Amino acid sequence: MKIAIVGAGYVGLVTGACLADFGHEITCVDSDASRVAALQRGEIPIYEPGLKELVASNEAAGRLVFSGDLAVAADAEVVFLAVGTPSRRGDGHADLTHVHAAARALAQHLSGFTVVAIKSTVPVGTGDAVAAIIAEANPAADFVVVSNPEFLREGAAIEDFKRPDRVVVGLEDERGRAPMAEVYRPLYLNQAPILFTGRRSAELTKYASNAFLAMKVTFINEMADLCEAAGGNVQDVARGLGLDKRIGSKFLNAGPGYGGSCFPKDTQALVRIGEEFGAPMRLVETTVAINEARRGAMADKIIAACDGSVAGKTIAMLGLTFKPNTDDMREAPSIAIIGALQAAGAEIVAHDPEGMAAAQGLLPDVAMAAGPYEAAAGADALVLMTEWNAFRSLDLARLKASMRGDVIVDLRNIYRHEEMERHGFRYDSVGRPVAG
Ligand code: NAD
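Residues numbered from 1 in each chain as written. Predicted model: local features only at pLDDT ≥ 70, side-chain atom pairs only at ≥ 80, totals over all residues.

### Looking at the UniProt feature "active site" (unreviewed entry) in the protein chain
Listed under "active site" (unreviewed entry) in the UniProt record, and renumbered for this structure, are Cys262. For Cys262, the location among the structural elements is in the loop between helix H10 (234-242) and helix H11 (263-276). A residue is classified by how many C-beta atoms lie within 10 Å of it, and Cys262, with 26 of them, is buried. Once you skip the residues sitting within four places of it in the chain, Cys262 turns out to touch Thr121 and Asn210. (UniProt positions renumbered as here; feature names shortened; annotations may be inferred. Helix = DSSP H or I, 4+ residues; strand = E, 2+ residues; numbered from the N terminus. Buried ≥ 20, exposed ≤ 12 C-beta atoms within 10 Å, placed from the backbone. Contact = placed C-beta atoms within 7 Å.)

This is the structure in C-alpha cells:
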C-alpha cells in the first residue's frame, strides 16, 4: 500500500519505519526542513533503540522516503497524521494547532479516495473537526477520517508497534475499514486484535488508557508514602497486589512520579475534556495534583537525606530522562526536582546515557558529566533518578571512594539497603523500610 505519514517524530518515524518493514511504501513528511534534511542524510533525530537500523534497511529497500512536501500524499491510500499535540500553554487543553494545520495543508493534495487516519492523541470530537476542515478546504476531496490512536511506549516503540496488545480504529464511515485492516494485516500473524469502534470511542480510548496507567503509577506512589510512614515495603505490597490477575503487575513501581511527553499532557487534557462535557474526571484530576506535588516531595526527601540542607552541597544525578532508553526530556520529573534542589542551594552534576543533549537546553545550570563515576566524583550525595541499565550494577566501592559524602537516594528502588550499608553509604529509597 502507498501510505504517507505527516509528522516524523517519535510516533511518525516509528510508524513509518515499521509499516515500511511490513512491506508498505511509506513517505514520511515533516514541516521541519532541518529534520527532513537530517533524515535524508540518514541521521535519526531521536534516540529509540533499533530505529536507526530499521530506517536504514527500509530506505535501502526503497520502501521508506522522507520529504518536506505534502504533495507526495496525493497518491497515498492512507495518510496518517502523527503531529504533536502538546498542552496548550496556560489551560492544559490539548493544542490542536499542528493537527488542524496539517489537515488544512493536506486537503489540497488529496486525490482519489483517501483514508485520513489520526494517530496523534486528540480530544474526542477532533475527527469531526478534521473532517470539516478538509471538506471546507477542498470540497471535492473524497476521503474519510478515522481515529487510530497510538499506544507505543518510547524506549520499546518498535516492539510495541510490531506486537501491540491491540490496534484501535474508530470510524464513522465503513469505507475506512478495509484500508485500515490492510495497513495492519501483517499484525494478524502476531494475532494482535484489531478493534473497530466508533470514532469518538477510539479517541476516548487513548486518553482512558493513559489516564488509567497514570492513576496506577500514582496509586503505588501514594502506597509507597504510606509504607514509609507505617513501616511496610512497597515492593512487597506491589508484588502481592500485582499478582492478582484483575490488577496486573505492570506500572506498580513506586518512584518520583510519572513524566514524559504523554501522561502529564494527556491526563491534563482529559480533565479539561471532562469539564467541557460536564462529566468531571475527578480521579484523573486528583492524579494530576498528586503527581505534581510529588516532585517537590522528592526534592524534600533528598534534602532530608542530606541532613536537612543541600546549601553549598554538590549532588550527582544519575539519569535525567523520565524513563530509560529514550532521549525524550519532555516533562521529566528530574527537571522540577533539580529546580527545587538548586533553589535550596545545591550544585547539580548529572549524567544521562542519551538525554544530556536535550537536557542541557532545559537545565542550563547543570554540569553534565561523561559517566556515572565522573558525575559522582567529589559529590556530597548521589540521586538515582532514572533506571538506565548502566546504573543498575554500579561499582559501589568505586563510587564511595570518589564521592565526598555518603548519601545515596535511590528514587527507582534499584539497590538493596544492606548492600549500600555494607559499602558505607547512608541510603534512602522510595517506600521501603530503612532496614530490611
Ligand atoms: P514529536 O514532537 O516527536 O513529533 C511531531 C512531529 O510533527 C515533529 O517532527 C514536527 O516537526 C512535525 N509537525 C508538526 N506540525 C506539522 C505539520 N503541519 N506538517 C508536518 N509535520 C508537522 O511528537 P510525538 O512524540 O511523535 O507525538 C505525536 C503524537 O503522538 C502526539 O499527539 C502524541 O501525544 C502522540 N503519542 C506519542 C507517543 C510517544 O511516546 N511519544 C505515544 C503515543 C502517542
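On we go.
### Side note on the UniProt feature "domain: UDP-glucose/GDP-mannose dehydrogenase C-terminal" (unreviewed entry) in the protein chain
Taking the numbering used here, the UniProt-annotated feature "domain: UDP-glucose/GDP-mannose dehydrogenase C-terminal" (unreviewed entry) corresponds to residues 316-417. From the first C-alpha to the last, residues 316-417 spans 19 Å; its make-up is 30% helix and 18% strand.

### Brief notes about the site of the ligand
Looking at the ligand, there are 27 residues lining it, with Gly7, Gly9, Val11, Ser120 and Thr121 nearest. Those elements that place two or more of their residues in the shell around the ligand are helix H1 (10-21) and helix H4 (97-107). The element contributing the most residues to the shell around the ligand is H4, with 4 residues. The class makeup of the residues in the shell around the ligand is 12 nonpolar, 10 polar and 5 charged. (Near = placed C-beta within 6 Å. Nonpolar A, V, L, I, M, F, W, Y, C, P; charged D, E, K, R; others polar.)

### Remarks on the packing of helix H9 (residues 199-230) against H10
Running from N to C, H9 and H10 cross one another at 135°; their axes reach a closest spacing of 9 Å. Taken together, the axes of H9 and H10 lie oblique to each other. Relative to H10, the crossing made by H9 is right-handed. Two secondary-structure elements touch here, H9 through Ile220, Met223, Ala224 and Cys227 and H10 through Val234, Val237 and Ala238. Of the residues assigned to the contact of H9 with H10, the class counts are 7 nonpolar, no polar and no charged. (Axes fitted to C-alpha atoms, helices over the stretch in contact; angles between N-to-C directions. Parallel < 35°, antiparallel > 145°, perpendicular 65-115°, else oblique. Left-handed = near helix turned anticlockwise from the far one by under 90°.)

### Let's talk about the packing of H9 against H11
Where H9 contacts H11, the two axes come as close as 9 Å, and the packing angle between them is 110°. With respect to H11, the element H9 is oriented roughly perpendicular. Between H9 and H11 lies a crossing whose hand is left-handed. Counted together, Tyr207, Asn210, Ala211 and Ala214 of H9 and Phe263, Asp266, Thr267, Ala269 and Leu270 of H11 form the full contact between these two elements. For the contact of H9 with H11, the residue count by class is 6 nonpolar, 2 polar and 1 charged.

### So, the domain arrangement of the protein chain
Split into domains, the protein chain comes out as domain 1 (2-197) and domain 2 (204-436). A C-alpha centroid distance of 32 Å is found between domain 1 and domain 2. Here the side of domain 1 that touches domain 2 is composed, by residue class, of 11 nonpolar, 5 polar and 3 charged. (Domains from an automatic or database assignment.)

### Some points on the sheet that holds strand E14 (residues 426-428)
Pairing is parallel in the open sheet, where 6 strands are placed in the order E11-E10-E9-E12-E13-E14. The open sheet terminates on both sides in strands that have one partner only, identified here as strand E11 (367-368) and E14. By the bridge criterion, 4 bridges tie strand E9 (residues 314-318) to strand E12 (residues 381-384) in an arrangement that is parallel. Bridging from a neighbouring strand, Ile315 pairs with Ala381 of E12. Here helix H12 (residues 282-305) sits on the sheet and contacts E12, strand E13 (407-410) and E14; the angle it forms with E13, its principal contact strand, is near 155°. (Pairing = 2+ DSSP bridges.)

### Some details on the environment of Glu418
Structurally, Glu418 is set in helix H17 (residues 417-422). Classification of Glu418 by C-beta neighbours within 10 Å gives exposed; the count is 10. Counting along the chain gives 259 residues from Glu418 to Glu159, while the straight-line C-alpha distance between them is 36 Å.

### Considering unusual backbone geometry
Phi angles above zero are rare outside glycine, and Phe251 is one such case at about 60°. On the basis of neighbour count, Phe251 is assigned to the partly exposed category, with 18 C-beta atoms found within 10 Å. Of note in the backbone geometry, Glu331 takes a positive phi value of approximately 55° without being a glycine. Relative to the elements of secondary structure, Glu331 occurs in the loop between E9 and helix H13 (333-343). Owing to 19 C-beta atoms within 10 Å, Glu331 belongs among the partly exposed residues under this scheme.

### A few points about the pairing of E9
Consecutive side chains along a regular strand alternate between the two faces of the sheet. Counted residue by residue, E9 has 5 buried out of 5 residues, so it is predominantly covered. Strand direction decides the pairing type here: E9 and strand E10 (residues 347-351), joined by 5 bridges, are parallel. Its bridge partner being in E10, Ala316 is matched across the sheet by Val349.

### Brief notes about H12
The end-to-end C-alpha separation of H12 is 34 Å, in line with the 34 Å expected for 24 residues at 1.5 Å each. Helix geometry: H12 is bent most strongly at Arg295, by close to 25°. Within H12 the residues assigned to the buried category are Val284, Thr287, Val288, Asn291, Arg294, Arg295, Met298, Ala299, Lys301, Ile302 and Ile303. Those residues of H12 that are buried lie in contact with H9, H11, H13, E12, E13 and E14. Phi for Asp307, located one or two positions after H12, is positive at around 55°. (Expected span 1.5 Å × (residues − 1). Bend = angle between axes of the 7 residues up to and from the residue.)

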